[in-house]
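A closer look at the structure
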Amino acid sequence: MSEQNPVFIPGPTNIPDRLRAAMNMQTRDHRAPDFVETLAPVLEDTKRVFGTSEGQIITFPASGTGGWEAAICNTLSPGDRVLVGRYGMFSHRWIDLCQRHGLQVDIIDCPWGMGAPADQFEQALSADKSHQIKAVLVTHNETATGVVSDIAAVRAAMDAASHPAMLFADCVSSLASMPFEMDAWGVDIAVSGSQKGFMLATGMAILGVSPKAIAAMETAQLPRTFFDFRDMLTSNKAGGYPYTPPLQLIYGLRESLSMLFEEGLENVYARHFRLAEGVRRAVDAWGMRLVAKDRSLYSNTVSAIYVPDGFDSNQLTDQAFNAYGVSFGVGLGEMNGKAFRIGHLGSLTDVMTLSGLATIEMAMADLDYSVELGSGVAAAQGYFRQHRSAFVQTAA
Ligand SMILES: *Cc1c(COP(=O)(O)O)cnc(C)c1O
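Residues numbered from 1 in each chain as written. Predicted model: local features only at pLDDT ≥ 70, side-chain atom pairs only at ≥ 80, totals over all residues. Heavy atoms only, no water.

With that settled, consider the environment of Met 166. The topology assignment puts Met 166 in strand S7 (residues 166-170). Look at Met 166 and you get buried, because its relative accessible area is 6%. Here Met 166 is in contact with Thr 75, Leu 76, Lys 134, Ala 135, Val 136, Met 158, Asp 188, Lys 212, Ala 213 and Ala 216, once residues within four sequence places are set aside. (Helix = DSSP H or I, 4+ residues; strand = E, 2+ residues; numbered from the N terminus. Buried < 20%, exposed > 50% of the residue type's maximum accessible area, 1.4 Å probe, protein only. Contact = heavy atoms within 4.5 Å.)

See the structure below:
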């Protein structure tokens, strides 16, 4: 297995050398002044990526799933109702987490390939005259289907229903790759993690928390200790953590923010659009179809692609891995065997993306797909040549 090949899974993502170097640190005393002086500016700068100036950034040593758990147990009480749309594996898993915490979950089932159902949310919220629903949970970018949802439309639906519920968004696979505007969209908790757009090792949940969610924390009755916002906020104020912080990840996050700001967030988003569009041109050229049902729903970080009838997407991803040492995303849940996924987020260039398209084409040819070798690559090349980036991104 060559470690030089990038991965094309939608997280964890490729770690640029600069960030590997930043995380390659000897143990330091987290109570010493240099860490105390590091943490506060890192948290402050992270706000820009979330699009918040009113909210606070809260981190935990955990993966994104821990961030979901923290969001729920800091703001809600047993028996509280939450409203959720289910349109993929990640929105499904968030529902499961709420149910296991004893919440009443009002589920709106949507076909996979669709996004958050703003209209149906509005109906459900308008019907909830006594304001039993305490939170609306939305997966911004459904990584299982390659669908991005319109969070501003969800906020507008909540406002149209004049409903006071909080709005929580899972932005694990969109933050730092696609625009996210926590304040403008009225998001009360946004949940992300270190291993996707931030291009770091897995191990840190990163949350944006609004003043309204902070206020809810004072009365929420769900039990929490490790994930208690109150302990974390109090300790952060003094420059520390309520327990041992993931030091290497925090120094890594500092460097990741520098990389994102040096490229410029707008350029980061534009690069992700360009890479995604190259992949979509390839999918067209192969005569295949995205799981996302509509252009407005296309994710710029991951594409889920149906394989033709009679083919098994798991064989395709196995072939790419076994024959060429390149990982692609498998079909999750309902999509198992039917679709594979190309992750195109984080530290990735046009050229790296072309290598992924070339690899999956070889795997398709090996399995007798009726796809002409080079057809998808050529379509992406054509697009990339016409839409060259303003400067060459160093993904080293
Ligand atoms: C990756 C991901 C998560 C978090 O998964 P972890 O493995 O716990 O980090 C949550 N939601 C979405 C949409 C994701 O893509």
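Moving on to the domain arrangement of the chain. Taken domain by domain, the chain comprises domain 1 (2-12 + 265-386) and domain 2 (17-261). Between the C-alpha centres of domain 1 and domain 2 there is a distance of 28 Å. The partner domain 2 presents 29 residues to the 26 residues of domain 1 that form the contact. Across the domain 1/domain 2 interface, buried area totals approximately 2200 Å², and carbon plus sulfur atoms make up 67% of it. Taken as a group, Leu 265, Tyr 269 and Leu 297 account for 26% of the area that domain 1 buries against domain 2, more than any other trio of residues on that side. The interface formed by domain 1 and domain 2 contains zero salt bridges. In this structure, the connection of domain 1 to domain 2 is made through eight residue pairs in polar contact (both at pLDDT 80 or more). When contributions to the side of domain 1 that touches domain 2 are tallied by element, the ones reaching two or more residues are helix H10 (265-286) and strand S11 (302-306). (Domains from an automatic or database assignment. Buried area = accessible area lost by both parts, 1.4 Å probe. Salt bridge = Lys/Arg side-chain N within 4 Å of Asp/Glu carboxyl O. Polar contact = N/O pair within 3.5 Å; in protein donor to acceptor, adjacent residues only side chain to side chain.)

Okay, the sheet that holds strand S1 (residues 56-60) next. The strand order S1-S9-S8-S7-S4-S2-S3 describes an open sheet built from seven strands, whose pairing is mixed. Two strands in the sheet have a free side with no partner beyond their single neighbour: S1 and strand S3 (104-109). Taken pair by pair, the neighbouring strands of this sheet meet at an average axis angle of 20°, ignoring direction. Taken together, the five bridges between S1 and strand S9 (residues 205-209) define a ladder with antiparallel strand orientation. Among the inter-strand pairings, Thr 59 is bridged to a residue of S9, identified as Ile 206. (Pairing = 2+ DSSP bridges. Axes fitted to C-alpha atoms, helices over the stretch in contact; angles between N-to-C directions.)

Now for helix H6 (residues 151-160). All buried positions along H6 are accounted for by Ile 151, Val 154, Arg 155, Ala 157 and Met 158. Seen from one end, H6 has its buried residues packed into an arc of 160°, which puts them on one side. Buried-residue contacts for H6 involve helix H5 (118-127), strand S4 (133-139) and S7. The N-cap of H6, judged by a side-chain oxygen 3.2 Å from the amide nitrogen of Ala 152 a few residues on, is Asp 150. Downstream of H6 by one or two residues, Ser 162 has phi in the positive range, about 45°. (Arc of directions from axis to C-beta.)

Another point: the sheet that holds strand S10 (residues 289-290). If you trace the three strands from one edge of the open sheet to the other, you get S10-S11-S12, paired in antiparallel fashion. At either end of the open sheet lies a strand with only one pairing partner, and these are S10 and strand S12 (339-343). Where S11 and S12 come together, five bridges link them in antiparallel fashion. Opposite Val 302, over in S12, you have Gly 343 as the bridge partner.

Summed over the entire model, instances satisfying the criterion amount to 11 aromatic pairs. Here Phe 8 and Phe 328 contribute two aromatic rings whose centre-to-centre distance is 5.5 Å and whose plane-to-plane angle is 15°, an arrangement assigned as stacked. With Phe 8 in the segment before helix H1 (17-23) and Phe 328 in the loop between helix H11 (313-324) and S12, this residue pair connects regions lying 320 residues apart in the sequence. Phe 328 carries the same exposure label as Phe 8, and that label is buried. Aromatic side chains Phe 226 and Phe 227 sit 5.0 Å apart centroid to centroid with 80° between the ring planes, which places their arrangement in the edge-to-face category. Residue Phe 226 is classed as partly exposed on the basis of its relative accessible area of 37%. An aromatic cluster is defined as three or more aromatic residues linked by ring pairs; in this entry it consists of Phe 60, Phe 226, Phe 227, Phe 229, Tyr 241 and Tyr 243. Looking at Arg 28, its charged tip hangs above the ring of Tyr 251, at a distance of 5.0 Å from the centre. Here Arg 48 stacks its cationic end above the ring of Phe 261, 3.7 Å away from the centre of that ring. (Phe/Tyr/Trp six-rings, centres within 6.5 Å; stacked < 30°, edge-to-face > 60°. Lys NZ or Arg CZ within 6 Å of the ring centre and 35° of its normal.)

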